[in-house]
Amino acid sequence: MRKQILVTGGAGFLGSHLCERLLNEGHEVICVDNFFTGKKRNIVHLMNNPYFEVIRHDINFPLSVEVDEIYNLACPASPVHYQFDPVQTTKTSVMGAINMLDLAKRLNVKILQASTSEVYGDPQVHPQSEEYRGNVNSIGPRACYDEGKRCAETLFFDYKRQYYLNIKVIRIFNTYGPKMHPNDGRVVSNFIVQALKDENITIYGEGTQTRSFCYVDDLIEGIIRMMNSREGLTGPINIGNPEEFTILELAQKVIELTGSNSTLIYKPLPEDDPLKRKPNIDLAIKELGWQPEEKLEEGLTKTIAYFKKLLESDKSAR
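Residues numbered from 1 in each chain as written. Predicted model: local features only at pLDDT ≥ 70, side-chain atom pairs only at ≥ 80, totals over all residues. Heavy atoms only, no water.

Chemist: Teacher, can you tell me more about the overall build of the protein chain here?
Modeler: Scanning the protein chain from N- to C-terminus turns up nine helices and 13 strands. For a compact globule of 318 residues, the expected C-alpha radius of gyration is about 20 Å, and the protein chain comes in at 19 Å, within 12% of that figure. Dimensions of the protein chain, computed from C-alpha atoms along their principal axes, come out at roughly 55 × 45 × 40 Å. In the protein chain, the share of contacts with a sequence separation of at least 24, taken over all contacts with a separation of at least 6, comes to 81%. In the form shown here, the protein chain has an accessible surface area of approximately 14,500 Å², with 48% of it arising from carbon and sulfur atoms. Of the side chains in the protein chain, 37 bear a positive and 42 a negative charge, and the two mean positions are spaced by 2 Å. (Helix = DSSP H or I, 4+ residues; strand = E, 2+ residues; numbered from the N terminus. Rg over C-alpha atoms; globule rule 2.2 N^0.38 Å. Contact = heavy atoms within 4.5 Å. Areas by Shrake-Rupley, 256 points an atom, 1.4 Å probe, with all protein chains shown as cover. Lys, Arg positive; Asp, Glu negative; His and termini not counted. Charge placed at Lys NZ, Arg CZ, Asp CG, Glu CD.)

Structural data, given as structure tokens:
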């Protein structure tokens, strides 16, 4: 059945992939974005699709549309961007969630919240399962995002309890792939862009901190499975890749795959930067039949090809 689906943050990295996937499944998609971090180039190839609509809008303000489902992905998701205007980041997570929840309540439709592994903070439990309540510095420089997303989860579950709203909540772990913002400060995009330019690759700390990297296609599959999951399954459910790598291993792999002449330089670790990050995805496997398939080297190869093309295009434009 063709559905009308709203995707907030639809021009962003994840949102644009989600819009494309939903269109390919035969649905009508309304993409909402204020284009703070979202880019038109991520969705320009969808513009001629008669079932695709774009609305420039900030979800801190109410939105009136008629849809059958809502995916709420709107929020800057990298430290560079969410720390640029931390008050606005918190507003987007909290006020934006309220506005989208009110819309879902008025329409009596299902709504999915894209939460984050950052709700676990710098974890004292490893790997992180959904039962772990986290170790977040509520007054630190990352709190605008971490606590904003935690509050959004609170709102989603209170709307469920108070208004019987049909909610779905996922916690997204580090994700990478084509359409990442080249200047978002995330480790994969940072390393690839620096390597392709033969610039020094910046390692924060000693490079022994770990991350788990999920390729974007696997992540989008998990999101859609969660939205279409059985009634009563609210989550939160971790969506991420449980294969764990040190930041140093990632840097060496990027240099190898790009054939770069870059060298590694080391800088102090940012405040509250998590030392470990690895999802326990037992619940996703059990409830959604989902687990990632793309290996890191394969995903990095595709991502490197995207950034290489993007940098060449920017160079030609200049």
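More follows now that the structure is in view.
Chemist: Sorry if this is basic, but what is going on with the packing of aromatic side chains here?
Modeler: In this description, a pair of aromatic rings is defined by centroid distance and the angle of the planes. For the coordinates displayed, the defined rule picks out seven aromatic pairs. With 5.6 Å between their ring centres and 70 degrees between their planes, Tyr176 and Tyr215 make a pair best called edge-to-face. Separated by 39 residues along the polypeptide, Tyr176 in strand 7 (residues 175-176) and Tyr215 in strand 10 (residues 214-215) bring together distant segments of the chain. Each member of the pair Tyr176 and Tyr215 is classed as buried. By way of ring pairs, the aromatic residues Tyr120, Tyr132 and Phe173 are connected into one cluster. When the ring centre of Tyr51 is taken as reference, the NZ or CZ atom of Arg2 above it lies at 3.9 Å. (Phe/Tyr/Trp six-rings, centres within 6.5 Å; stacked < 30°, edge-to-face > 60°. Buried < 20%, exposed > 50% of the residue type's maximum accessible area, 1.4 Å probe, protein only. Lys NZ or Arg CZ within 6 Å of the ring centre and 35° of its normal.)

Chemist: When you look at the side chain of Ser229 in this model, what are you seeing that I'm missing?
Modeler: Following the sequence through the fold, Ser229 ends up in the loop between helix 6 (216-227) and strand 11 (237-239). A polar side-chain atom of Ser229 sits 2.9 Å from a polar atom in the side chain of Lys168. Within the structure, Ser229 has its side chain in polar contact with the backbone oxygen of Met226 (distance 2.6 Å). (Polar contact = N/O pair within 3.5 Å; in protein donor to acceptor, adjacent residues only side chain to side chain.)

Chemist: What should I look at first to understand the sheet that holds strand 6 (residues 167-172) in this one?
Modeler: Sheets are built from strands paired through backbone hydrogen bonds, the pairs being either parallel or antiparallel. Spatial strand order, 3-2-1-4-5-6-11: seven strands in an open sheet with parallel pairing. Of all the strands in the sheet, the pair left with one neighbour each is strand 3 (52-56) and strand 11. Going from strand to strand, the sheet's axes swing by 20 degrees on average, the running direction of each strand aside. Strand direction decides the pairing type here: strand 6 and strand 11, joined by three bridges, are parallel. Bridged to Arg171 within strand 11 is Asn238. Taken strand by strand, helix 3 (residues 86-107) contacts strand 1 (4-8), strand 4 (69-72) and strand 5 (110-116), and its axis lies near 170 degrees from that of strand 4. (Pairing = 2+ DSSP bridges. Axes fitted to C-alpha atoms, helices over the stretch in contact; angles between N-to-C directions.)

Chemist: Can you help me understand the pattern of salt bridges in this one?
Modeler: When the charged atoms of two side chains with opposite charge come close together, those side chains can pair. Overall, the coordinates contain 20 salt bridges when judged by the stated rule. Close ionic contact of Arg161 with Asp158 constitutes a salt bridge, the shortest N to O distance being 2.9 Å. Residue Arg161 and its partner Asp158 are both found in helix 4 (residues 143-163); the two are separated by three residues, about one turn of the helix. Its relative accessible area of 32% is what places Asp158 among the partly exposed residues. Linking Asp273 and Arg211 is a salt bridge whose minimum nitrogen-to-oxygen distance equals 3.4 Å. Residue Asp273 is located in the loop between strand 13 (264-267) and helix 8 (282-288), and its partner Arg211 is located in strand 9 (residues 210-212); the two are separated by 62 residues in the primary sequence. Summarising the burial analysis for this pair, Asp273 and Arg211 share the class buried. Here the salt bridges do not stand alone but share partners, grouping Glu118, Arg142, Arg211, Asp273 and Arg277 into one network. (Salt bridge = Lys/Arg side-chain N within 4 Å of Asp/Glu carboxyl O.)

Chemist: What am I meant to see in helix 5 (residues 187-196) here?
Modeler: Owing to its 3.6 residues per turn, the α-helix brings residues three or four apart onto one side. With eight of ten residues buried, helix 5 is to be regarded as a mostly interior element. Among the residues making up helix 5, those that are buried are Val187, Val188, Ser189, Phe191, Ile192, Val193, Gln194 and Ala195. One or two steps after helix 5, the chain reaches Asp198, where phi turns positive at roughly 55 degrees.

Chemist: Just to check I follow, could you spell out a nonpolar patch on the surface for this structure?
Modeler: A surface patch of nonpolar side chains, amounting to about 230 Å² of accessible area, comprises Val44, Met47 and Val54. Along the chain, Met47 turns up in the loop between strand 2 (28-33) and strand 3. On the accessibility criterion, Met47 (39% relative accessible area) is partly exposed. (Patch = residues over 30% accessible without salt bridge, like charges linked within 9 Å, V, L, I, M, F, W, Y side chains within 5 Å.)

Chemist: Can you walk me through the packing of helix 1 (residues 13-24) against helix 6 in this structure?
Modeler: Packed helices, taken two at a time, are described by the angle between their axes plus the distance between the axes. Where helix 1 contacts helix 6, the two axes come as close as 10 Å, and the packing angle between them is 65 degrees. Compared by their axis directions, helix 1 and helix 6 come out roughly perpendicular. Like other packed secondary-structure pairs, helix 1 and helix 6 cross with a definite hand, here right-handed. Residue-level contacts link Phe13, Leu14, His17, Leu18, Arg21 and Leu22 of helix 1 to Val216, Asp217, Leu219, Ile220, Glu221, Ile223 and Ile224 of helix 6. When its residues are assigned to classes, the contact of helix 1 with helix 6 shows nine nonpolar, one polar and three charged. (Parallel < 35°, antiparallel > 145°, perpendicular 65-115°, else oblique. Left-handed = near helix turned anticlockwise from the far one by under 90°. Nonpolar A, V, L, I, M, F, W, Y, C, P; charged D, E, K, R; others polar.)

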